[in-house]
Structure formats: C-alpha cells, structure tokens
Amino acid sequence: MISGKFAINVHILTLMTRYPQQFLSSDFIAGSMNINPVLVRKEVANLKKHNIVESREGKFGGTRLAKPASEITLEAIYNITFDCVSLGYAKNDPNPECPVGKKINNNLDSLYKGINEKICCQLKDITLTHFSEQF
C-alpha cells in the first residue's frame, strides 16, 4: 500500500543535501518534519543499509549523505522505500469460479506493474541535488 515513507525519505535526504558537511541529529530532522524522531531513525536505518547515508554516534553524532546528492536519484529513493506500490486488493479471496474473480488479482498486478514503471520513469532523471534546489 502507498504510505508516507517516500515523502519522509525525500525530506530527510533533502535536509542532508542542504547541510552536506554536517551530521544531522534525528531530533533536528524530526523537528523539520514535525514527527517523532523514532520514525526518522527507522528510515535512516533503511537508508544506511542501502549506503545512501552514513552515521556516527556521540555528542556530535548524527547522519549525513554517504555520497554526493548529484549521484542520488529520486528513483533510487523510491526503490529503497518500496518494493512496489500497490493500491491494494480485496480483503477476501475472490471467487475462482467467477470470470472476474479468477483474474482480478493478476490484472491488478499488471496494472500496478505499469504504474510502477511510469513512476520510475518519471523519477529516474531527478537527482536529489535538482530536487533540493527548489528550497
């Protein structure tokens, strides 16, 4: 299902683009987003796992970009955030004897695949640098 995680990740990384040499605390980032720092740390852990950010602990600890913002596309952030965007399926298994029920999930899968391809196509040429220049 679609969630706000992409927006959270883009917000985090855009802040880091604006302060490239600084290690930003989760409290600072959360303050910009008006969310709980725990949610920031959860997303930072995922970004760290994918080598987008680096962190250090301690009094002057925090997180910053692990590579130049010009090398990070919104498509990469999207792919880190989602395996695949899904608009959902029915709660109950459809009736396999029904001409619609027996094919609905396969047809929805095809639809969602096409949507994801279009989203990736739209995001692939937008770098974090380009996106952050709007602020």
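Described below are features of the structure shown in this document.

So, how was this worked out
Residues numbered from 1 in each chain as written. Predicted model: local features only at pLDDT ≥ 70, side-chain atom pairs only at ≥ 80, totals over all residues. Heavy atoms only, no water. Disulfide = S-S within 2.5 Å. Buried < 20%, exposed > 50% of the residue type's maximum accessible area, 1.4 Å probe, protein only. Axes fitted to C-alpha atoms, helices over the stretch in contact; angles between N-to-C directions. Helix = DSSP H or I, 4+ residues; strand = E, 2+ residues; numbered from the N terminus. Left-handed = near helix turned anticlockwise from the far one by under 90°. Contact = heavy atoms within 4.5 Å. Pairing = 2+ DSSP bridges. Arc of directions from axis to C-beta.

1. Comments concerning the state of the cysteines
- Counting across every chain of the model gives 0 disulfides.
- No disulfide involves C121; its nearest neighbouring cysteine sulfur is the one of C120, lying 8.8 Å away.
- Classification of C121 as partly exposed rests on a relative accessible area of 47%.

2. Concerning the packing of helix α1 (residues 5–18) against helix α2 (residues 26–33)
- At a minimum axis separation of 10 Å, α1 and α2 run at an interaxial angle of 120°. Crossing angle aside, the handedness with which α1 passes α2 is right-handed. Contact residues: α1 offers I8, H11, I12, L15 and M16, while α2 offers F28, I29, S32 and M33.

3. A look at the pairing of strand β2 (residues 62–65)
- With 4 bridges joining them, strand β1 (residues 53–56) and β2 adopt antiparallel strand pairing. Pairing of E54 across the sheet is with R64, part of β2.
- If you look at the hairpin formed by β1 and β2, you'll find 5 residues sitting between the two strands, and G58 has a positive phi there, around 105°.

4. Some remarks on helix α4 (residues 74–81)
- Along α4, the residues that are buried comprise L74, I77, Y78, I80 and T81. The buried residues of α4 occupy one face: seen down the axis, they fall within an arc of 165°.

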